[in-house]
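Listed below, chain by chain, are the residues.
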Amino acid sequence: MKAWEANIRHVTPYTPGEQPDRPDMVKLNTNENPYPPAKEVREALHKMETEALRLYPDPAASQLTNELARFYGLTPEQVFVGVGSDDVLAMCFLTFFNSKKPVLFPDITYSFYHVWAELFGVPYERPALDGRLHLRKEDYYRENGGVIFPNPNAPTGVAEPLSDIEDILEHNTDVIVIVDEAYVDFGARSAISLLETYENLLVVQTFSKSRSLAGLRIGYALGNPALIRALNDVKYSFNSYTLNRPALEAGTAALQNEAYWRKTLAKIVATRERAKKRLAGFGFTFEDSQANFLFVTHPVWKAEPLFLALRKSDIYVRYFKQPRIDNYLRITIGTEKEMERLYTFLEKYQEETGGDVS
Ligand code: PMP
């Protein structure tokens, strides 16, 4: 070993979903929105002067922060923005999880949480979801260094009622509780309404899913001004110009067309509800999802070979080779047409493999 090698930090990174670029692919693997962003986004980007790119963006991202505050009926001091919610969540781990006690998050959840915990040296424990993939709220009543979970959870799609989240908050007034609401707009109830009551609550959301802007990387946290100030102090100790100019313009514009946002959400929810029926018809089972994806398993078809067969047909879904969930597929809800491609594939697969359990 060379001497300098001893100083290199070795970590096991998060594995992002693959981003294939094939002409006729059906991409149902990273929970993107199948519909384009609002027309205001296109207009805002067209209007942008490339000359402006010569200059750094506003480090406070005020234009976007103000618009988010307006949208949610909060003050700008209650809003923090970052480069996707991944960036915001990483900042949260750095800022709020500094106890020697373990941070708690579910065993089956967004697999970036344990990567950040490892990266920042945060102790953590992972209480197991119950047999129906729900959070057991009692697991979060013990002493800890903080709590984080997505609602709806990923990759399960399962949402917890707001009353359970409030229970968890009631039992955790001495630590920061973060609710990651990346998928909340697709049907779960947001914890934003609890911000007034719980000063230690932080709600994190993203433009990547319901607002069709995964490519721009915009995420945000909503919470009491003391938490937002702490996040900004860490951010300014790390990288002050996080959001670039196009992201600030387009993100602000995306918030202006609420009608379009609601329309695409309704379309995705309708397609999801039909998908539940169609996939159940093929024999898949799943817990009820309130997100823009379904987390399915099948009594006959093994997940991994099915994942590979789909991939060969340019239909991309997500497979996690992890304990407890290695016989599941996570399928993002696409357009009706894309979902039809999936169903047609499954009909053929059924004929070929005899997986008919109906
Ligand atoms: N939280 C959860 C639960 C997610 O599934 C994702 C998407 N991978 C994110 C946060 C991060 O999304 P983004 O960085 O695109 O906002």
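Being a predicted model, the structure only gives us computed values, none of them experimental.

Notes on helix α7 (residues 245-254)
Thinking step 1. Burial analysis of α7 places 7 of its 10 residues in the buried class, which makes it a mostly covered element.
Thinking step 2. Looking at the buried side of α7, the elements it contacts are α1 (39-47) and α2 (62-72).
Thinking step 3. Its side-chain oxygen placed 2.9 Å from the backbone nitrogen of A247, N244 serves as the N-cap of α7.

Points about empty space enclosed by the protein
Thinking step 1. In the structure shown here, the tally under the stated rule is 2 cavities of 30 Å³ or more.
Thinking step 2. Estimates place the volume of the largest cavity at around 70 Å³.
Thinking step 3. Lining the largest cavity are P36, P37, A38, S210, R211, S212, A254, N257, Y260, W261 and T264.
Thinking step 4. Top contributing element to the lining of the largest cavity by residue count: helix α8 (residues 258-281), with 3 residues.
Thinking step 5. Taken together, the residues of the lining of the largest cavity break down into 6 nonpolar, 4 polar and 1 charged.
Thinking step 6. Lining the second largest cavity, in full, are P57, D58, P59, A61, V81, K235, S240, Y241, T242 and L243.
Thinking step 7. In terms of residue class, the lining of the second largest cavity is made up of 6 nonpolar, 2 polar and 2 charged.

Some remarks on the pairing of strand β5 (residues 146-150)
Moving residue by residue along a regular strand, the side chains alternate between the two faces of the sheet.
Thinking step 1. Among the 5 residues of β5, 5 are classified as buried, and the element is accordingly described as predominantly covered.
Thinking step 2. Neither face of β5 is exposed, since G146, I148 and P150 on one face and V147 and F149 on the opposite face are all buried.
Thinking step 3. Across 2 bridges, strand β3 (residues 103-104) lies against β5 in parallel orientation. For V103, the partnering residue across the bridge sits in β5 and is G146.
Thinking step 4. By the bridge criterion, 4 bridges tie β5 to strand β6 (residues 177-180) in an arrangement that is parallel. When the sheet's bridge partners are listed, V147 is paired in β6 with V177.
Thinking step 5. Assessed by its sense of winding, the connection that carries the chain from β5 through helix α5 (residues 162-170) to β6 is right-handed.

Quick notes on the packing of α2 against α7
Thinking step 1. Running from N to C, α2 and α7 point in directions that differ by 20 degrees, and their axes come no closer than 9 Å. If you check the angle between α2 and α7, you find them roughly parallel. The crossing of α2 and α7 is left-handed. In contact with Q63, L64 and E67 of α2, α7 contributes L248, E249, G251 and T252.
Thinking step 2. Taken together, the residues that form the contact of α2 with α7 break down as 2 nonpolar, 3 polar and 2 charged.

What about the nonpolar core?
Thinking step 1. If you look at the biggest cluster of nonpolar residues, it comprises 84 residues, and the most contacted ones within it are L329 and L342.
Thinking step 2. Counting residues per element, this core draws most heavily on helix α10 (residues 336-353), at 6 residues.

What about the packing of aromatic side chains?
Thinking step 1. Under the defined criterion, the tally for this structure stands at 24 aromatic pairs.
Thinking step 2. Between R211 and the ring centre of F71, over which it is positioned, the NZ or CZ distance is 4.6 Å.
Thinking step 3. For K235, the ring lying beneath its charged end belongs to Y236, and the centroid distance is 4.9 Å.

The rules behind each value
- Residues numbered from 1 in each chain as written.
- Predicted model: local features only at pLDDT ≥ 70, side-chain atom pairs only at ≥ 80, totals over all residues.
- Heavy atoms only, no water.
- Buried < 20%, exposed > 50% of the residue type's maximum accessible area, 1.4 Å probe, protein only.
- Helix = DSSP H or I, 4+ residues; strand = E, 2+ residues; numbered from the N terminus.
- Contact = heavy atoms within 4.5 Å.
- Polar contact = N/O pair within 3.5 Å; in protein donor to acceptor, adjacent residues only side chain to side chain.
- 1 Å grid on protein atoms, 1.4 Å probe; cavity = no way out; pocket = protein on both sides within 12 Å on 5 of 7 lines; lining within 4 Å.
- Points joined across faces, edges and corners; volume = space filled by probe spheres on them.
- Nonpolar A, V, L, I, M, F, W, Y, C, P; charged D, E, K, R; others polar.
- Pairing = 2+ DSSP bridges.
- Right-handed = clockwise from strand over helix to strand, strands pointing away.
- Axes fitted to C-alpha atoms, helices over the stretch in contact; angles between N-to-C directions.
- Parallel < 35°, antiparallel > 145°, perpendicular 65-115°, else oblique.
- Left-handed = near helix turned anticlockwise from the far one by under 90°.
- Core = buried A, V, L, I, M, F, W, Y, C linked by side-chain atoms within 4.5 Å.
- Phe/Tyr/Trp six-rings, centres within 6.5 Å; stacked < 30°, edge-to-face > 60°.
- Lys NZ or Arg CZ within 6 Å of the ring centre and 35° of its normal.

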